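Below are the chains, spelled out letter by letter.
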Amino acid sequence: MSYPPQGYGPQGIQPYGPPPPGYGPYGYGPPSPALGYLTAIAFIICGALALLLAIVGWDGSADNGSMIAGLVGVAFTEDLTGNVDFAISATMSVACSSIVFGLVMFARLEFVRWILAVIGALMTAYYLYAIIWILSNDGGEFIAMALVSWVLWLGATVVAVLPATGRAMRKRGPRPYPPQPGYPRQY
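Computed from a predicted structure; not experimentally measured.

Novice: Explain the overall build of the protein to me, using residue names and the numbers behind them.
Specialist: Each helix and strand counted, the protein has seven helices and zero strands in total. Starting at the N terminus, the α and β elements of the protein follow one another as α-α-α-α-α-α-α. Relative to its 187 residues, the protein shows a buried fraction of 36%. Expressed as a percentage of contacts within the protein between residues at least 6 apart in sequence, the contacts between residues at least 24 apart total 66%.

Encoded structure:
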């Protein structure tokens, strides 16, 4: 354990000026962009899965009911159109949007994080509804892809709204206080 040198200001009060020898400058360094990149990759994976589901169910004659049940909007097809064309187009729109915004997020733009968070929250809410709808219509054997999609969208959304992800989107850390001689000034 390291203690400050004796005689260095009253108890708990730091005087102005440089820190004592052996201590670094005040403030932190720039935040790591790793969590921002992880969020971008998570949304690209979610978009790629949605794109795969849309391509598999393109003509609506796929034999795998679990893949069709994983389409975005398939729980509403009976009420809206009666076929899966609506679900396929909604899935393609969500997939392309999340992939494009996920790629843009590599530029560490703060507003893109919130766009992806809204898309992720909508998809998480939809897949929760779809899971309930599938189970209430005795489709328990077709729930696998909807459940996997729900978990992936939920995880990506949670990572996107973390405060640490917001710090990762910044390109530099807070200014040190008090300003240090030789320490780069940030405005």
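Novice: Tell me about the pattern of salt bridges, residues and numbers included.
Specialist: Under the counting rule described, the total for this entry stands at one salt bridge. The salt bridge involving R113 is made with E110; its shortest N-O contact spans 2.8 Å. Taken together, the residues span about one helical turn, with R113 and E110 both in helix 5 (residues 110–136) at a distance of three residues. E110 gets classed as partly exposed once you look at its relative accessible area, which sits at 32%.

Novice: So what's going on with the nonpolar core? Residues and values would help.
Specialist: Counting 35 residues, the largest nonpolar core has L53, L71, V72, V74, Y126, Y127 and W153 as the members making the most contacts within it. For this core, the secondary structure elements donating two or more residues are helix 1 (34–56), helix 2 (65–69), helix 4 (85–104), helix 5 and helix 6 (144–161). Counting residues per element, this core draws most heavily on helix 5, which supplies 10 residues. Here V72 is in contact with A87, A90, T91, V94, M123, Y126 and Y127, once residues within four sequence places are set aside.

Novice: Talk me through the packing of helix 5 against helix 6; I want residue IDs and the actual numbers.
Specialist: Contact geometry of helix 5 with helix 6 gives a least axis separation of 8 Å together with a crossing angle of 150°. Viewed along their axes, helix 5 and helix 6 adopt a mutual orientation that is roughly antiparallel. Read as a crossing pair, helix 5 and helix 6 show a hand that is left-handed. On the side of helix 5, the interface is formed by R113, W114, A117, I119, G120, A121, M123, T124, Y127, L128, I131 and I134, while helix 6 contributes A146, L147, S149, W150, W153, L154, T157, A160 and V161. The class makeup of the residues in the contact of helix 5 with helix 6 is 16 nonpolar, four polar and one charged.

Novice: Just give me the short version of a nonpolar patch on the surface, but keep the residues and values in it.
Specialist: There is a patch of nonpolar side chains on the surface, built from Y37, I41, I45, L103, F106, V148 and L152 and spanning about 570 Å² of accessible area. A total of three residues in the nonpolar patch trace back to one element, the largest contributor, which is helix 1. Among the secondary structure elements, L152 is positioned in helix 6.

Novice: Describe unusual backbone geometry, naming the residues involved and giving the relevant values.
Specialist: Of note, the phi angle at R108 is positive, near 60°, even though the residue is not glycine. Residue placement: R108 occurs in the loop between helix 4 and helix 5. Using a relative accessible area of 15% as the deciding quantity, one classes R108 as buried. Of note in this structure, D138 is not a glycine but carries a positive phi near 55°. Mapped onto the secondary structure, D138 falls in the loop between helix 5 and helix 6. Taking relative accessible area as the criterion, D138 reaches 68% and is therefore assigned exposed.

Novice: Can you tell me about the packing of helix 4 against helix 5, naming the residues and giving the values?
Specialist: When two helices pack together, their arrangement is given by the angle between the helix axes and by the axis-to-axis distance. Where helix 4 meets helix 5, the closest approach of the two axes is 10 Å, and the angle between their N-to-C directions is 150°. Classed by the angle they form, the pair helix 4 and helix 5 counts as roughly antiparallel. Of the two elements, helix 4 crosses helix 5, and the hand of that crossing is left-handed. Only V112, I115, L116, I119 and M123 of helix 5 make contact with helix 4, whose side of the interface consists of V94, S97, S98, F101, G102 and V104. When the residues that make up the contact of helix 4 with helix 5 are grouped by side-chain class, the tally is eight nonpolar, three polar and no charged.

Reading the values: the criteria
Residues numbered from 1 in each chain as written. Predicted model: local features only at pLDDT ≥ 70, side-chain atom pairs only at ≥ 80, totals over all residues. Heavy atoms only, no water. Helix = DSSP H or I, 4+ residues; strand = E, 2+ residues; numbered from the N terminus. Buried < 20%, exposed > 50% of the residue type's maximum accessible area, 1.4 Å probe, protein only. Contact = heavy atoms within 4.5 Å. Salt bridge = Lys/Arg side-chain N within 4 Å of Asp/Glu carboxyl O. Core = buried A, V, L, I, M, F, W, Y, C linked by side-chain atoms within 4.5 Å. Axes fitted to C-alpha atoms, helices over the stretch in contact; angles between N-to-C directions. Parallel < 35°, antiparallel > 145°, perpendicular 65-115°, else oblique. Left-handed = near helix turned anticlockwise from the far one by under 90°. Nonpolar A, V, L, I, M, F, W, Y, C, P; charged D, E, K, R; others polar. Patch = residues over 30% accessible without salt bridge, like charges linked within 9 Å, V, L, I, M, F, W, Y side chains within 5 Å. Areas by Shrake-Rupley, 256 points an atom, 1.4 Å probe, with all protein chains shown as cover.

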